[in-house]
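Listed here are the chains, written in short residue letters.
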Amino acid sequence: MPIWVNDNQFHIETSRTSYIFSLYKNRYLTHLYWGKKLSSDANLSYIPTEFIYSRPNATHVPVDETNRVFVSDLAMEFSVVGGGDYATPTLHARYADNSTVTELSFEGYMVYEGKRDISPMPSTYSEGDAQTLEIYLRDKRSNLKVTLLYTVFCKYDAICRSIIYKNESQDDIYLLSAQSATVDISGTNYEMLHLCGDWARERHIERIPVNHARCVIDSKRGMSGHMENPFIALLEKNAGEYMGEVFGFSLVYSGSFTASAEGTSCGKTRVTMGINDFNFEWRLASGEEFMTPEVVMAYSPCGLSRMSGIYHRLYRDKLCRGRYRGALRPMLINNWEGTTFDFDEKKLIDIAREGADLGLELFVLDDGWFAKRNGACSLGDWYVNTDKLPRGLEYLAKEVNALGMKFGLWFEPEMISPDSDLYRAHPDWCVHAKGRRRTENRSQLVLDISREEVREYILDTITKVLQSANIEYVKWDCNRTLTETSSMEQPHRYVIGLYKMLDTLTTRFPDILFESCAGGGGRFDPGILCYMPQTWTSDNTDPIARLAIQYGTSIVYPPITMGSHVGSIAVGMAGENQFLNTCAMAAMSGNFGYELDLNLFSEAEKAQAKSYVDLYRKIRPTIQYGEFYRLESPFEGDNVSWMFVDSDRAVLFTFQTKKMINGEERRVKLRGLDENALYEYNGERRTGAELMLAGVGIALERYEYASRCRVYEVIKK
Ligand code: DGJ
């Protein structure tokens, strides 16, 4: 059993990690260790809780009258308001007497096989491969029961934490901040890595020193958003891709979140993560429970690469679900960048036919197929625009199917246009604050899906469309965030409503592949991946910009989850279209597809485009289910490379993002191969050790286009 209790210490063990905390004075859960695996008889009782340092009483609060132990010295697993811990608390609650002080006492624990369902929050799931520790605490005065959940996926090297707050009193309790986890890590010499950006430049890597500051990232938008991702890593200062200690925290949540790292004066760094307490207050009525979203924690003693590998495997196998979890994802052609709203039946079928000729497997009809939608209107009116598609979706799907392709359709279900039949019928169905202006964004408002009748309407109308034709893929878009909310509960209720809808729809249509999208990659988070196993990574399809976006995204999310297409490009070149090549190389590093009007291609370009489809079909299992290794970072230089490895093949991609006529030697050391095995690389046989230790030389390319890239297959012999 990877969880056991010994000498008042709770031991949680993964295949390579130990996580240990203890119970101190029957009141404080104090963190002792998170790092490389210790032996199963490890006993950390010698780690001082009673510190040898002198703390002046004026500034530090003693634990008891002996004045020898101070609250701020304790490394907390859970922190409250009151009692002398002034770092960010896990819980801030207001009770019937208006007080916000919480005093928890320990009531017991339980260890069991499996994992508790924390719905309405989505989460990782066990298939007989997880164990859980529950710790029970209680604030006796208010009768708030707190259950800390620790689930360990031993084989996956990951620990998941969440908290359940239950009101066991007769009065209301108000949660002002209900975080999912707190971890106090020893030392203050860390950096915090986070993934930031904006529309068209999502998830760029940034590292900031923490030291004795409080570094906070968050979203206040009601969605995880383009600007920050619900993930942070705490890194040793010298840690890099393949060296140094890294502590990763990833939140399975799609709404407003917060994560902070805070160095304290007593020599530890507190990480806190959960739902954002900005514009948040939750009334917990008598008998009710509040589930916090899950934090997935991954430790690596040897850099970011191992941490990413933990998230990739866990999210691919234990977060994504449904028919497509272990299935190869289809190569698609989407009409959006080729036509935007300007299409008719013939134009679409022509694009699909060209796609079929290339060997693509799925045609996706994007925005503009419904009601009067030719611009900013009609969201909410999910019936076919018969001016554009006189024979409807059924006919179109049949035509596409006859070409040997699946048919997919775009929706933006959470939205409503002021210029729509739905809005005219139900002007109060949008998220709004009474008597206030309703801010429009992209000329649209957001439907209040915390309301059951609104959810029912959306589910009914979408269900009818999905049953009207052979639709095997859905792109679920979401192009704006929340602005004026009607209460401090509404943002979280919105997210719960979204999860309920997605749960119903994906259960109702288990064979449909759902891809999420939010103005590109504005909601690329683990919560969404529970329902939709892939996400459109960014609206930016410029390949050089894409390298940074995909590289940053890969810090947490596996390449199979990244929708990655060749977008609209300049065509009609004589000879090989270098830009097309660059685009294809970037797109082949994720879930590959085209997103343009293929009819504009010359015959030579069509042949070139087809060669990428053929190549991707060959390497797809390695890209989608292999291990991913980052080799050269776009955030550190002009050369970028990465590779995918499975048991019998590796695929190396190298990109040169700057035109150069002279340069230094470029040597790339491969990763993840079998040292003693023989591989065929670039027409020659080399051992894994040679390729990984001595590396391979990458020629400098002097091309007119600002980039040059190549793909190399490395085949095990
Ligand atoms: C934003 C998405 O990111 C695009 O791919 C496209 O679907 C448009 N919305 C359509 O409005």
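All residue numbers here refer to positions counted from 1 along the written sequence of the relevant chain. In keeping with the predicted nature of the model, local features appear solely for residues at pLDDT of at least 70, side-chain atom pairs appear and are counted solely at 80 or more, and the whole-chain, interface and lining totals rest on all residues. Computation of side-chain values: all heavy atoms of the structure, hydrogens and water removed.

## Details of the pairing of strand S4 (residues 28-36)
In step 1: Exposure categories follow from relative accessible area, calculated using a 1.4 Å probe and restricted to protein chains: below 20% of the type maximum is buried, above 50% is exposed, and the middle band is partly exposed. Numbering of helices and strands starts at the N terminus; helices are DSSP runs of H or I of at least 4 residues and strands are runs of E of at least 2. The element S4 is largely enclosed, with a buried count of 7 among its 9 residues.
In step 2: Alignment of strand S3 (residues 17-24) against S4, held across 8 bridges, turns out to be antiparallel. From the neighbouring strand, Thr17 faces S4, where its bridge partner is Lys36. One requirement defines pairing of two strands: DSSP has to find at least two bridges between them.

## A word on the site of the ligand
In step 1: Here a residue is near a molecule or strand as soon as one of its heavy atoms is found within 4 Å of it. For the ligand, the set of nearby residues contains 13 residues, the closest of which are Asp366, Asp367, Lys475, Asp477 and Asp539.
In step 2: Contact distances for the ligand include 2.7 Å between an oxygen atom and a side-chain N or O atom of Asp367.
In step 3: Any N or O atom pair separated by 3.5 Å or less is treated as a polar contact, with the protein-specific requirement of one donor-capable and one acceptor-capable atom, and with residues adjacent in sequence counted only for side-chain atom pairs. Measuring from a nitrogen atom of the ligand, one finds a side-chain N or O atom of Asp477 at 2.7 Å.
In step 4: In isolation the ligand exposes 290 Å². Once the protein is present, 98% of that is buried.
In step 5: Gly falls in the polar group here, along with every residue not listed as nonpolar (Ala, Val, Leu, Ile, Met, Phe, Trp, Tyr, Cys, Pro) or charged (Asp, Glu, Lys, Arg). Tallied by class, residues from the shell around the ligand come to 4 nonpolar, 3 polar and 6 charged. The Shrake-Rupley method, run with a 1.4 Å probe sphere, supplies the accessible areas, and residue values consider only the shown protein chains as cover.

## A closer look at the nonpolar core
In step 1: Residues belong to a common nonpolar core when they are buried Ala, Val, Leu, Ile, Met, Phe, Trp, Tyr or Cys residues joined through side-chain atoms within 4.5 Å. In terms of nonpolar packing, the biggest core is built from 187 residues, with Tyr165, Phe249, Leu365, Trp369 and Tyr594 touching the most fellow members.
In step 2: Broken down by element, the residue count for this core peaks at 8 residues, all from helix H7 (residues 490-508).
In step 3: Throughout, a residue-residue contact means that at least one pair of heavy atoms, one from each residue, lies within 4.5 Å. Residue contacts for Tyr594: discarding those within four places in its chain leaves Leu332, Ile333, Asn334, Leu358, Leu360, His565, Val566, Leu580, Ala609, Tyr612 and Val613.

## Some details on the packing of aromatic side chains
In step 1: Any Phe, Tyr or Trp ring, taking Trp's six-membered ring, that has another such ring centre within 6.5 Å forms a pair; planes under 30 degrees apart are called stacked, those over 60 apart edge-to-face, and the others tilted. All chains considered together, the criterion is met by 42 aromatic pairs.
In step 2: Ring centres of Trp369 and Phe370 lie 5.2 Å apart, and the angle between their planes is 70 degrees; this geometry places the pair in the edge-to-face category. Exposure class is identical for Trp369 and Phe370. Each is buried.
In step 3: Their ring planes at 55 degrees and their centres at 5.9 Å tell us that Phe628 and Trp642 sit as a pair that is tilted. Taken together, the positions of Phe628 in strand S31 (residues 627-632) and Trp642 in strand S32 (residues 639-645) put the pair 14 residues apart, joining distant regions of the chain.
In step 4: One aromatic cluster in this structure is built from Phe10, Tyr19, Phe21, Trp34, Phe106, Tyr109, Tyr150, Tyr190, Phe247, Phe249 and Tyr299.
In step 5: Between the NZ or CZ atom of Arg546 and the centre of the ring of Trp536, over which it lies, the distance is 4.8 Å. Any Lys NZ or Arg CZ that is within 6 Å of a ring centre and within 35 degrees of that ring's normal is treated as a charge sitting over the ring.

It is worth stressing that arrangement in space is one thing and function is another; only the former is reported here.
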